[in-house]
2 protein chains.
Amino acid sequence: MSRTPLHPTREQIELPMVLDCLSDPIRLAIVYQLAQQERVSSELCCGDFNGLAGKSNLAYHFAKLRECGVMQTRVAGTNRFMRLRREDLDARFPGLLDAVIKSAARDAERLQLLPEGEVVAAD
Amino acid sequence: MSRTPLHPTREQIELPMVLDCLSDPIRLAIVYQLAQQERVSSELCCGDFNGLAGKSNLAYHFAKLRECGVMQTRVAGTNRFMRLRREDLDARFPGLLDAVIKSAARDAERLQLLPEGEVVAAD
DNA sequence: CCAATAGTTCAATAAACGTTGAACATAGGG
DNA sequence: CCCTATGTTCAACGTTTATTGAACTATTGG
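This section reports on the structure supplied with the text. What you see is a predicted model, and the numbers here were worked out from it, not measured in a lab.

### Some words on the protein's contact with DNA strand C
The local shell around DNA strand C holds 24 residues, among which Lys55(A), Thr78(A), Ser56(B), Tyr60(B) and His61(B) are the closest. Among the atoms of DNA strand C lying within 4 Å of the protein, the sugar-phosphate backbone contributes 63%. Contact between DNA strand C and Asn79(A): a sugar or linking oxygen at 3.1 Å from a side-chain N or O atom of the residue. Across the surface near DNA strand C, the residue classes tally to eight nonpolar, 10 polar and six charged.

What follows is the structure, given as structure tokens:
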């Protein structure tokens, strides 16, 4: 349980897999929160998403996001820190991630993107 | 079988549904071919996609693309003509469709986007 | 060393999905 | 009016998916 898990190389990232990842509401919320976090260039760990679903369900979605190349996991002690693979995604699919995040942000309430009554500063 | 089928309004189009639509290789290929056709501002009918899958399978995917608001179907005689709902999609999710189409175009071979050995002129 | 914390893995379940072929509906041409 | 071409609908199927709780692993702090 200790080694950092496997991630696909940039070239192995496939468009349909990424779109499928982003099409799930829970995974979209995870990605959205990771994107918010990019602004302060820091990472989030599993526990930060506990509002979205149960632990084992989250682990399932994390694995999918990892396997599809959407995010990266770094192991540190008992924590896993994750971040978007922004560079790789932008290189493979220019403009895609931004379009998805922006579209999601517009529909944030409808999509229940934030766990509790969290508020995000406007751009 | 004669009336033009139901389509969601622009506002009813949901991001996760659209992403899910585009995440299926056959549907992505359909959308890709429709996007190519936009250049000559004309439509395609069901038969034009026969290279991608069997008829009933295609009908299934067409229905999904319609229900999710990705494309529109117009009935004319024994034919159904379809086109992308470009304006609606661009209004709801700016830049998304273009990013997907462009990314798909880059990986056209890998994704087997064109039925037979078809060739598309470069941009 | 023990207990608590942080996550993963596994097995089980129900629902959704993609694919198939057969039957059906409709319109148009001889 | 029939025959054909074009698509849709339906039932069946096997597969994949998301979700759950329980068991497990690993690390840290006392």
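Back to the write-up after that little detour.
### Looking at the relation of the copies chain A and chain B
Rotating chain A by 180 degrees and moving it 0.0 Å along the rotation axis overlays it on chain B with an RMSD of 0.0 Å. The symmetry that links the two subunits is that of a two-fold axis. Interface overlap between copies is the fraction of interface residues in one copy that are interface residues in the other; for chain A against chain B it reaches 100%, indicating a shared surface.

### Quick word on the pattern of salt bridges
Taken as a whole and judged by the stated rule, the model has 20 salt bridges over all chains. Linking Asp98(A) and Arg86(A) is a salt bridge whose minimum nitrogen-to-oxygen distance equals 2.9 Å. Here Arg86(A) lies in helix α4 (residues 86–92) and Asp98(A) lies in helix α5 (residues 96–106), a separation of 12 residues in the sequence. One salt bridge in this structure joins Asp107(B) and Arg110(B), with 3.7 Å as the shortest N-O distance. Taking the relative accessible area as the measure of exposure, Asp107(B) reaches 7% and is therefore buried.

About the criteria used
- Per-chain numbering applies: the sequence of each chain, read as written, is numbered from 1 onward.
- Just so you know, chain letters begin at A and ligand numbers begin at 1, following the order they were written in.
- Two thresholds apply to this predicted model, a pLDDT of at least 70 for residue-level local features and 80 or more for giving and counting side-chain atom pairs, whereas whole-chain, interface and lining totals are computed over all residues.
- The basis for every side-chain value is the complete set of heavy atoms in the structure, and neither hydrogens nor water enter the calculation.
- The near set for a molecule or strand comprises every residue that places at least one heavy atom within 4 Å of it.
- Whenever two N or O atoms come within 3.5 Å, that pair is a polar contact, provided that in protein one can donate a hydrogen and the other can accept it, and provided that, for residues adjacent in sequence, both atoms are side-chain atoms.
- All amino acids are sorted into three groups, where Ala, Val, Leu, Ile, Met, Phe, Trp, Tyr, Cys and Pro are nonpolar, Asp, Glu, Lys and Arg are charged, and the leftover types, Gly among them, are polar.
- Superposition of the copies used a least-squares fit over C-alpha atoms from residues whose pLDDT is at least 70 in both.
- Residues count as neighbours in contact if any of their non-hydrogen atoms are within 4.5 Å of one another.
- Salt bridge, as used here, is a side-chain nitrogen of Lys or Arg placed within 4 Å of a carboxyl oxygen of Asp or Glu.
- Strands are runs of DSSP state E lasting at least 2 residues, helices are runs of H or I lasting at least 4, and numbering of each runs from the N terminus.
- Relative accessible area decides the class of each residue, using a 1.4 Å probe on protein chains only: under 20% of the type maximum gives buried, over 50% gives exposed, and in between gives partly exposed.

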